[in-house]
Amino acid sequence: MESTKTPSEISRRQFLTTVGKLGGGAAVFSVMGTLGLLSPETLKAADYEPPDGNELSMSKKGGKKIIILGAGIAGMTAAYELGQAGYDCTILEARARSGGRIWSVRRGTTVAELGASKQVARFSDGLYLNGGPMRIPQFHVTMEYIRKFGIPIEPFNNVNDHAYYYNEEVGELSGKKIRKREAKADVRGYVNELMAKAVNQNALDLPITAEEKEKLVAYLRSEGGLDADLFYKASSRGGYKDEPGARLDAGVIRDPFNMKAILNSGFGNYFSSEYGYDQQMMMFHPVGGMDTISNAFEKRLKGKIKFNSEVIEIKQSGNGVTVLYKDLASGEEQKIEGEYCICTIPLSVLKSVKADFSPEMKKAIDSIGYASAGKIGLQFKRRFWEEDEQIYGGNTLTNMDISSIYYPPTGYMQKKGLLLGYYAFGGNADKLGEMSYLQREAHALQQGAKIHPQYHKEFEASFSIDWKRIKYNLGGWVSYSGDQRTTVYPTLCKPDRRVYLAGEHISYITAWMAGGIESARAVVTDIHQRVMKE
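If you're wondering where the values come from, they're calculated on a predicted model, not measured in any experiment.

1. Side note on the overall build of the protein
1) Next: Along its length, the protein carries 17 helices and 26 strands.
2) Next: Every one of the 534 residues in the protein was classed for burial, and the buried ones make up 55%.
3) Next: A fraction of 69% describes how many contacts in the protein between residues 6 or more apart in sequence connect residues 24 or more apart.
4) Next: Surface exposure of the protein reaches about 24400 Å², of which carbon and sulfur atoms provide 51%.

2. Some points on the pairing of strand 24 (residues 459-466)
1) Next: Within strand 24, seven of the eight residues are buried, which leaves it mostly tucked inside the rest of the structure.
2) Next: Note that strand 20 (residues 373-380) and strand 24 share seven bridges and pair antiparallel. Across the sheet, the residue bridging to Lys375 is Ile465, located in strand 24.

3. Quick look at the side chain of Asp291
1) Next: Within the secondary structure layout, Asp291 lies in helix 9 (residues 291-299).
2) Next: Judged by relative accessible area, Asp291 falls into the buried class, the value being 13%.
3) Next: Side-chain polar atoms of Asp291 contact the side chain of Arg106, separated by 2.5 Å.
4) Next: Once you skip the residues sitting within four places of it in the chain, Asp291 turns out to touch Ile102, Ser104 and Arg106.

4. Let's talk about the environment of Gly83
1) Next: Topologically, Gly83 is positioned in helix 3 (residues 73-84).
2) Next: As for Gly83 and Gly63, which are separated by 20 residues in sequence, their C-alpha atoms are 9.3 Å apart.

5. What to know about the sheet that holds strand 1 (residues 65-69)
1) Next: Pairing is parallel across the open sheet formed by five strands, whose spatial order is 13-2-1-17-26. For this open sheet the edge positions go to strand 13 (305-306) and strand 26 (499-501), each flanked by a neighbour on one side alone.
2) Next: Examined bridge by bridge, strand 1 and strand 2 (residues 88-92) share five bridges and lie parallel to one another. Bridge pairing in strand 2 places Leu69 opposite Leu92.

6. Section: unusual backbone geometry
In terms of backbone geometry, most residues other than glycine have negative phi values and most peptide bonds are trans.
1) Next: One non-glycine residue, Glu169, adopts positive backbone phi at about 60 degrees.
2) Next: Here Glu169 lies in the loop between strand 8 (164-166) and strand 9 (178-179).
3) Next: The residue Leu474 is not glycine, and still its phi comes out positive at about 55 degrees.
4) Next: Among the secondary structure elements, Leu474 is positioned in the loop between strand 24 and strand 25 (478-479).
5) Next: Note on Leu474: relative accessible area 29%, which makes it partly exposed.

7. A short note on the pattern of salt bridges
1) Next: Scanning the entire structure with this criterion turns up 30 salt bridges.
2) Next: A salt bridge links Asp388 to Arg382; the nearest nitrogen and oxygen atoms lie 2.9 Å apart.
3) Next: Among the charged side chains, a network of salt bridges with common partners joins Asp161, Lys180, Lys184 and Glu274.

8. Looking at the sheet that holds strand 16 (residues 333-338)
1) Next: Read across the sheet, four strands follow the order 16-15-14-18 without closing on themselves; strand pairing throughout is mixed. Edge strands, defined here as strands with exactly one partner in the open sheet, are strand 16 and strand 18 (354-355).

9. Observations concerning the pairing of strand 12 (residues 282-286)
As a general feature of sheets, a regular strand has side chains that alternate between the two faces.
1) Next: For strand 12, the tally of buried residues reaches four of five residues, placing the bulk of the element in the interior.
2) Next: Pairing of strand 7 (residues 153-157) with strand 12 involves five bridges; the strand directions are antiparallel. Within the sheet, the bridge partner assigned to Asn157 lies in strand 12 and is Met282.

10. Side note on the side chain of His443
1) Next: Along the chain, the position of His443 falls in helix 14 (residues 437-448).
2) Next: Not counting residues up to four positions away in its chain, the partners in contact with His443 are Asp401, Leu432 and Met435.

11. As for a nonpolar patch on the surface
1) Next: Side chains of Val191, Met195, Leu204 and Leu263 sit close together on the surface and give an oily, nonpolar patch of about 300 Å² of accessible area.
2) Next: Turning to its location among the elements, Met195 is positioned in helix 5 (residues 180-200).

12. Concerning the nonpolar core
1) Next: Among the nonpolar cores identified, the biggest contains 65 residues, and Ile66, Phe123, Ile293, Ile342 and Phe463 are the most heavily contacted of them.
2) Next: Tallying contributions element by element places helix 17 (residues 513-533) first for this core, with eight residues.
3) Next: When residues of this core are assigned to domains, at least three map to each of domain 2 (53-96 + 307-369 + 478-533) and domain 3 (105-159 + 281-288 + 373-469).
4) Next: The residues contacting Ile293, other than those within four sequence positions of it, are Ile73, Ile136, Thr142, Ile146, Ile151, Pro286 and Met513.

13. Quick look at helix 3
1) Next: With 12 residues, helix 3 should cover 16 Å at 1.5 Å per step; its first-to-last C-alpha distance of 16 Å lies within 8% of that length.
2) Next: In terms of residue burial, helix 3 counts as a mostly covered element, since 10 of its 12 residues are buried.
3) Next: The complete set of buried residues in helix 3 reads Ile73, Ala74, Gly75, Met76, Thr77, Ala78, Ala79, Tyr80, Glu81 and Leu82.
4) Next: Trailing helix 3 by a residue or two, Gly86 shows a phi angle of about 100 degrees, which is positive.

14. Quick notes on the packing of aromatic side chains
Each aromatic ring pair is summarised here by two numbers: the centre-to-centre distance and the angle between the ring planes.
1) Next: Per the stated rule, a full pass over the model turns up 26 aromatic pairs.
2) Next: With a centroid separation of 6.1 Å and 35 degrees between ring planes, the pair formed by Tyr165 and Phe271 is classed as tilted. With Tyr165 in strand 8 and Phe271 in helix 8 (residues 268-271), this pair connects stretches of sequence that are 106 residues apart.
3) Next: Residue classification places Phe271 among the buried residues on the basis of a relative accessible area of 7%.
4) Next: Between Tyr340 and Tyr500, the ring centres sit 6.5 Å apart and the planes meet at 65 degrees, which makes this aromatic pair edge-to-face. Of this pair, Tyr340 sits in strand 17 (residues 340-343) while Tyr500 sits in strand 26; the two residues are 160 residues apart in sequence, bridging distant segments of the chain.
5) Next: Its guanidinium or amino end placed over the ring of Phe231, Lys197 lies 3.4 Å from that ring's centre, counting from NZ or CZ.

Each value, and the rule that gives it
Residues numbered from 1 in each chain as written. Predicted model: local features only at pLDDT ≥ 70, side-chain atom pairs only at ≥ 80, totals over all residues. Heavy atoms only, no water. Helix = DSSP H or I, 4+ residues; strand = E, 2+ residues; numbered from the N terminus. Buried < 20%, exposed > 50% of the residue type's maximum accessible area, 1.4 Å probe, protein only. Contact = heavy atoms within 4.5 Å. Areas by Shrake-Rupley, 256 points an atom, 1.4 Å probe, with all protein chains shown as cover. Pairing = 2+ DSSP bridges. Polar contact = N/O pair within 3.5 Å; in protein donor to acceptor, adjacent residues only side chain to side chain. Salt bridge = Lys/Arg side-chain N within 4 Å of Asp/Glu carboxyl O. Patch = residues over 30% accessible without salt bridge, like charges linked within 9 Å, V, L, I, M, F, W, Y side chains within 5 Å. Core = buried A, V, L, I, M, F, W, Y, C linked by side-chain atoms within 4.5 Å. Domains from an automatic or database assignment. Expected span 1.5 Å × (residues − 1). Phe/Tyr/Trp six-rings, centres within 6.5 Å; stacked < 30°, edge-to-face > 60°. Lys NZ or Arg CZ within 6 Å of the ring centre and 35° of its normal.

See the structure below:
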C-alpha cells in the first residue's frame, strides 16, 4: 500500500535511507525535486529542469566548489554523493591514508602516539587488527554502500555462549572462568524461580487476572527451565559435565552453581550488553579488514583527496570559505577556496584549529568531550582457543582491566590467529593508555593468561592503540554529557554561515560508521537545497 504521507511528513533520515537504496547521490537530488522536497519556487529560481537519466545537472550553477575537511567515512560519503551530482569537491586529509578511525593495522603499519615512540606492527601476512570499527549491525546504512560498491562481507559472530565470563573479587566464583551458557542458565533459572513463586503466592501486586497469572507462571517456568514445582535444578541449556555421546551415553548435565554464588558473581550484569539494539548476535564485517570500506570510497574519489594536508585555519566571507593548511610533505602553507565547507574533523581536534566561528558555535565545540577507548591485538602461533577450548568467534567478558577478549571471526582452523586482547573503555582505557606499548602487552598477557594459560607459550606479537593519544583523533568517539543534547548539540547541527559539521558526533549513532554516513548525507541535502535557492 502506498504511503499517504507527504514528503514534509517524512524525516530527512527516512527519506535519505529510502532514496539511498534507489540509487545513491544522483538519485537523492533528482528524487528530491521529483517529490517536491525542493519547492517549485526554489526550482524556478534556480532555473532547474530535471534532465534525462535521473541525474541532477549542476551545469547551470557552475559546479559549486565544496571544501571537505577529513577523509574519514563522513567526509568521503559527502564527497562521493556531491560528486555524483556534479559538485566540485576537494578533501583535505592530514594523514597519509583515508578512513580516519577506520584503521586496519597490518604488518608494517606504524604509529607514534602523542608523547610516545614509534610502534611498528609485526603481524604475520594476512593477519590484521581493526583498530577502530570492527563490526556492522545488519540494519545500518553502511550496508547500503557495501552493496553499492560490491564489497565482500562475512559474518561477525558477536555473541558466543561457549566463551567465558571471568570476574575477580566476587565471592565463591572469583577467579573462575565460567562458560557463558552456564552463567546465563543459572541466573535466569534462579531469577525466574523467584518470580514464579512470588506470582503463585500472590506476593506481587499485579493488575492481572488469575488466568493471566497462570500464563505468566508458564512463561517464567519455560524461560527459567523450572521443574513442575517451580524449582530450578539445571538443564541442558547450561551444558554438561559429561558430554553426551554414542549409543547409551546420554551424558550428565552439569550441576548449577548455588544461588548466592551466581548472583554475587555479577555475570548477570553482562547479559544486557549482548542483546542491545546495535549488538546483535549476528553482525558483519568486510572480508580482509574494515579498511576495504574506506578504500572503496577512496577508489571512487581519485584526485579529490589531498593527503598530508593539516588544516591550520578556517576563514569565512560573505560568499565563500578559505581554508589554510600545511602540506606536511613539503612543510609549506597553502590555501584553498570554495563556496562551502563540510568539516568532519573530530571536535576534540577542531577546538584547537583557528576558525572564525560564531561565539555560540565555538563554545559548543569547546564544551564537548570524547570517550576513552583502547585496543590491543595479540598474535599467537596457535589458535588454542579453537583447538583446546572450541571457541569460534564471540568474546569473553571480565571485570579485569582488559574488559574483554574478542576471538577472530574469520580464518577458522588456520594455524595462527590474532585476538583482540582487550577492548577497554573509560577508566580502564585511560589506565592502559598511560602505559608504554610493552607495558600494555605485558599487562594484557598477564591478565589474559588467567583465562587462557596458553597465552605466554603461544604469544608472538602485539600492537596497541589508545585513541586519546592518536593525533587527529584525540578520543574514541564523541561523549555528550548531561543535557548537552538539548543545549549545545542543536548548535553543532546548524551551519555556521558557510561551514557545516558532519561526522559520528553529529548523529545519534555515535561511535558507528553509520553515524558519520547519516550526518554527511543530511549535510549534503542541506547544502544542495541552499545552492538551489541562490
